[in-house]
Structure formats: structure tokens, C-alpha cells
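Spelled out, the chains give:
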Amino acid sequence: MSGVSDIAVYQKLTAIADELDQLAGEGATLVGEAALLTAARTVRGMASAVYQHIMSDNDESLDS
């Protein structure tokens, strides 16, 4: 089964989080800014989870 690699997912999530941060800086209201910052933080958390998975796979292959 071919698909999107984990590193590609990590990179895309990081790019989305960066874009959300940028949009938050341009937000017209405090509520909109808070929503965008919360979304960015959530997406960064997902990216972090993918990164940790990538690194744990690398650690396991190094141990083999």
C-alpha cells in the first residue's frame, strides 16, 4: 500500500500550523485570533505526535 509518508504528514501539519499562526497575527477580532492560535497549537500537537512516531521507528531500526 502506497500513500503519504509520515514525514510528509509531519511537514504538511507544520506548514498548516505556521499558516494558522500567521493568520492569527492578522485576525480582526480577539475571538478569531484565539480560535486560530488554538487551532495552530492543536495542529502542532498532531505534528509532534507524528514526529515522535517517526523518531521511535528510527530508534527501533537502530536497535535492530
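Described below are features of the structure shown in this document.

1. Some remarks on the overall build of the protein
Of the regular secondary structure elements, the protein holds two helices and zero strands. Looking at the protein alone, contacts between residues at least 24 apart form 61% of all its contacts between residues at least 6 apart. For the protein, the accessible area works out to roughly 4800 Å², and carbon and sulfur atoms hold 59% of it.

2. What about the packing of aromatic side chains?
Under the definition given, this model contains one aromatic pair. Between tyrosine 10 and tyrosine 51, the ring centres sit 5.4 Å apart and the planes meet at 40°, which makes this aromatic pair tilted. Here tyrosine 10, found in helix 1 (residues 6-25), pairs with tyrosine 51, found in helix 2 (residues 30-63); they are 41 residues apart in sequence, far enough to count as distant. Judged by relative accessible area, tyrosine 10 falls into the partly exposed class, the value being 25%. Judged by its relative accessible area of 37%, tyrosine 51 is partly exposed.

3. Digging into the pattern of salt bridges
In the structure shown here, the tally under the stated rule is two salt bridges. Close ionic contact of arginine 44 with aspartate 18 constitutes a salt bridge, the shortest N to O distance being 2.7 Å. Placement of the pair is arginine 44 in helix 2 and aspartate 18 in helix 1, with a sequence separation of 26 residues. What makes arginine 44 partly exposed here is its relative accessible area of 33%. Owing to a relative accessible area of 40%, aspartate 18 belongs among the partly exposed residues under this scheme. Counted as one network, the salt bridges with shared partners bring together Asp18, Asp21 and Arg44.

4. Some remarks on the nonpolar core
In terms of nonpolar packing, the biggest core is built from eight residues, these being Leu13, Ala17, Leu20, Ala40, Val43, Ala47, Val50 and Ile54. Top element by residues in this core is helix 2. It accounts for five residues. Excluding residues within four positions of it along the chain, leucine 13 makes contact with Val43, Met46, Ala47 and Val50.

Analysis parameters
Residues numbered from 1 in each chain as written. Predicted model: local features only at pLDDT ≥ 70, side-chain atom pairs only at ≥ 80, totals over all residues. Heavy atoms only, no water. Helix = DSSP H or I, 4+ residues; strand = E, 2+ residues; numbered from the N terminus. Contact = heavy atoms within 4.5 Å. Areas by Shrake-Rupley, 256 points an atom, 1.4 Å probe, with all protein chains shown as cover. Phe/Tyr/Trp six-rings, centres within 6.5 Å; stacked < 30°, edge-to-face > 60°. Buried < 20%, exposed > 50% of the residue type's maximum accessible area, 1.4 Å probe, protein only. Salt bridge = Lys/Arg side-chain N within 4 Å of Asp/Glu carboxyl O. Core = buried A, V, L, I, M, F, W, Y, C linked by side-chain atoms within 4.5 Å.

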